[in-house]
Structures are given as structure tokens and as C-alpha cells.
Amino acid sequence: MKTRNSKNVKGSLSLLCVSVFLAVSALLFPALGAGADLTIYAYDSFVSEWGPAGKVIPKFEKLYGVKVDMISVGDAGQVLNRAILEKDRPGADIILGIDNNLLAKAIDAGVLLPYRSPNLGLIPEELRFDPTHHVTPFDHGYFAIVYDSRRLDVPPRSMEDLLGPAYRDKIILQDPRTSSPGLGFLLWTVAVYGDTYREFWERLRPNILTVTEGWDTAYGLFTSGEAPMVLSYTTSPPYHVEYEETTRYRAAIFREGNYLQIEGMGILRGTKNLDLAKKFIDFILTEDFQEEIPLTNWMLPVNPAVELPDSFDYAPEPVKILSLPASRIEANQDRWIEGWLEVMTR
């Protein structure tokens, strides 16, 4: 039986259980990297069988004659939480998936070392989202509501459209406390509605089927037919074009604009493999790494020298690009999430 989102959003007791689990894991899981020259914490889809890890890690290992262990930790928000829990005893050398929305939290937590790669000049200035160089970008994209055109005759074209009664129980979202897309969507609503974002969520709530901890689960529910809309990226439809030869799944471009995400990696403070970690950060900006991003991570590379596959013709361009300053996110993120949680758990 499908449950309503208010019953799926976990309360404080659930958060406590997750925190305890992660704390115990922080003591146990570093053993997973034993024997590796470099250990990287990453989000699930990056390490999955179809993700970039299987393409880029062997290249780096061959280049330097080393062994790299990439450990899947959940969604990007969970990757950062793991690093924070392990701050005094890091189990990895690098964390992957820190985006422009998590940047302030990561820097404030003090878990990262600054490093300015000599290859940063390969990347356009507008994609260098961390002027302190704690996080180096490796891909970017735009959040979008992806919909199943066979099940949805009239797709939404704006945030306001999402509130229509025709979409009741038809949207799958992700939790902003554990998911970078989930946080991105929350910030997207703040970028559009400002201080009245809670009123938007009040009106949106009847149309949300469920809220998942991470993107993988949400997209899996969507493609299995649980709902005709899911929070994802403008670059999700090219996957289905490339591998399923279908244009069934499409990304909605909103009149108010679509929210920008830039993902990056950072070196963890306390690493015992600093020189090799720096080499990996340098590597992620090269074409050898960047050319694998489109057809494995289904995002846009940050190195403009990489040519996009033809399937990316089905990744629509936003009419307006939205984002919030890192300083504003840092000052208000906890309050915004608290407001979201109050609305969703009533």
C-alpha cells in the first residue's frame, strides 16, 4: 500500500537512530579501505555498476600505479554527515558530492583542507563555486521535475503548476536533510518564493506521494510506475534515450527558472595520503575523467573541451538559472529545513 509523505518523513527519533548507526559505522567501516592507497567516500549512484567509478578509477590507478577504494555512503548529504561524524578519525582521504548547496555546511564543519589545483584553469570561472578552494567542481546540472509523458498528458511548466489538484499523489521528492537534490529543491522553492516558501509547501503537500532519503530510491520508484513525476535533473532524459531508445521521460523547464547544482570533491583534513589526494583532484578536471561524466553520472562536465553525446540533445536548457549565495544558505539552511519539517510532519 502506498503511504502518504507525512508518514514517510522521519521524526526526531528516526534521526537519532540514523545518527547512532552512522557513529558506529564511523568506527567500523574505515577497515573497508584497508590496503588501498587512496580511499574516497561517494554517493551511491557514483559507485553503482552504471556510475562513473568503474570508468574513472581504473584510469587513475593505471596512471599512478595505485589502488583506490571508493566507498558508497548513501546520498551526498549522507556522505558529508559521515565525514563530519568521523572528523577526528577520518576513514577516507576524499569526499565526493559536496555541491554549491552543501558547501557552507562542509566548510563550517572544518572537515576539508583547501587545495587549489593547477588544472583549475581548465574550468570556466562561473563553475568555480568555492573561492576558498576547499571543494573542486567535477560536474554540474539543473534540477527539474522529470515526468512520464505516457502517464501525464499535461506536464507542469512552473512551480505554481505543481500545486494543481490534477497532480494529487503524483510527485516523488527527496528529503533535504539527507539528499542533495532534496536540499536543492527546498532551496529552489526559497529562491522562487522567499520567506513564503512554507506556504508553497503547505499547498504542495497533497500532491506529494512520498519523500525518500535519496535520489536512487526516488528515481527507482518513478521508473517502476509508482508516480508520474520525480525530482531529478534536466539531464535524466538522455539516459533513457541513450540506453532505452525512448523519449518517454522528459524534463520540465519552469517559467520561474531551474535551480543550478555544481558538484565537487574535497580532501579530508587528517588524510595520510595528501600528495595522492591532490593528484586525484587534479585528475578530475582532465578530459580523461570529464569525458566519462555525461554517460555515467548523467550530468554536464565542467571541462568545456568535452563533447556531449547526441542523446544530450534531449536535455533541455533552462530559460533562467536560479541559485542562492552560499553565505545566505549558511545563515538560513537550518531554519529553512526546520520550517519544511514542520509543514511535512503536521
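Structural data are supplied above this passage.
Residues numbered from 1 in each chain as written. Predicted model: local features only at pLDDT ≥ 70, side-chain atom pairs only at ≥ 80, totals over all residues. Heavy atoms only, no water.

(A) Spatial organisation of the packing of helix α8 (residues 197-204) against helix α14 (residues 326-344). Two elements in contact, α8 and α14, have axes whose closest approach is 10 Å; the angle formed by their N-to-C orientations is 30°. One element, α8, and the other, α14, form an angle in the roughly parallel class. The crossing of α8 and α14 is right-handed. Taking contact as the criterion, the partners of Tyr197, Arg198, Trp201 and Glu202 in α8 are, on α14, Arg335, Trp336, Gly339, Trp340, Glu342, Val343 and Met344. (Axes fitted to C-alpha atoms, helices over the stretch in contact; angles between N-to-C directions. Helix = DSSP H or I, 4+ residues; strand = E, 2+ residues; numbered from the N terminus. Parallel < 35°, antiparallel > 145°, perpendicular 65-115°, else oblique. Left-handed = near helix turned anticlockwise from the far one by under 90°. Contact = heavy atoms within 4.5 Å.)

(B) How the structure looks around the pattern of salt bridges. With the rule as written, the count across this model stands at ten salt bridges. We note a salt bridge from Arg248 to Asp148, for which the minimum N-O separation is 2.8 Å. Here Arg248 is found in the loop between α10 (237-244) and β9 (249-252), whereas its partner Asp148 is found in strand β5 (residues 136-148), with 100 residues between them in sequence. Its relative accessible area of 3% is what places Asp148 among the buried residues. (Salt bridge = Lys/Arg side-chain N within 4 Å of Asp/Glu carboxyl O. Buried < 20%, exposed > 50% of the residue type's maximum accessible area, 1.4 Å probe, protein only.)

(C) The arrangement of the side chain of Asp93 in detail. Inspection of the secondary structure puts Asp93 in the loop between α5 (76-85) and β3 (94-99). Buried charged residue Asp93 carries no salt bridge. Nearest counter-charge: Lys272, at 7.8 Å. There is a polar contact of 3.1 Å between the side chain of Asp93 and the side chain of Asn273. (Lys, Arg positive; Asp, Glu negative; His and termini not counted. Polar contact = N/O pair within 3.5 Å; in protein donor to acceptor, adjacent residues only side chain to side chain.)

(D) Just the packing of helix α4 (residues 53-64) against helix α11 (residues 274-283), in detail. Contact geometry for α4 and α11: axes closest at 11 Å, N-to-C directions at 125°. If you check the angle between α4 and α11, you find them oblique. Viewed along their axes, α4 and α11 form a crossing whose handedness is right-handed. Here Val56, Ile57, Lys59, Phe60, Leu63 and Tyr64 of α4 lie close against α11, whose contacting residues are Leu276, Lys279, Phe280 and Phe283. Partitioned by chemical class, the residues of the contact of α4 with α11 number eight nonpolar, no polar and two charged. (Nonpolar A, V, L, I, M, F, W, Y, C, P; charged D, E, K, R; others polar.)

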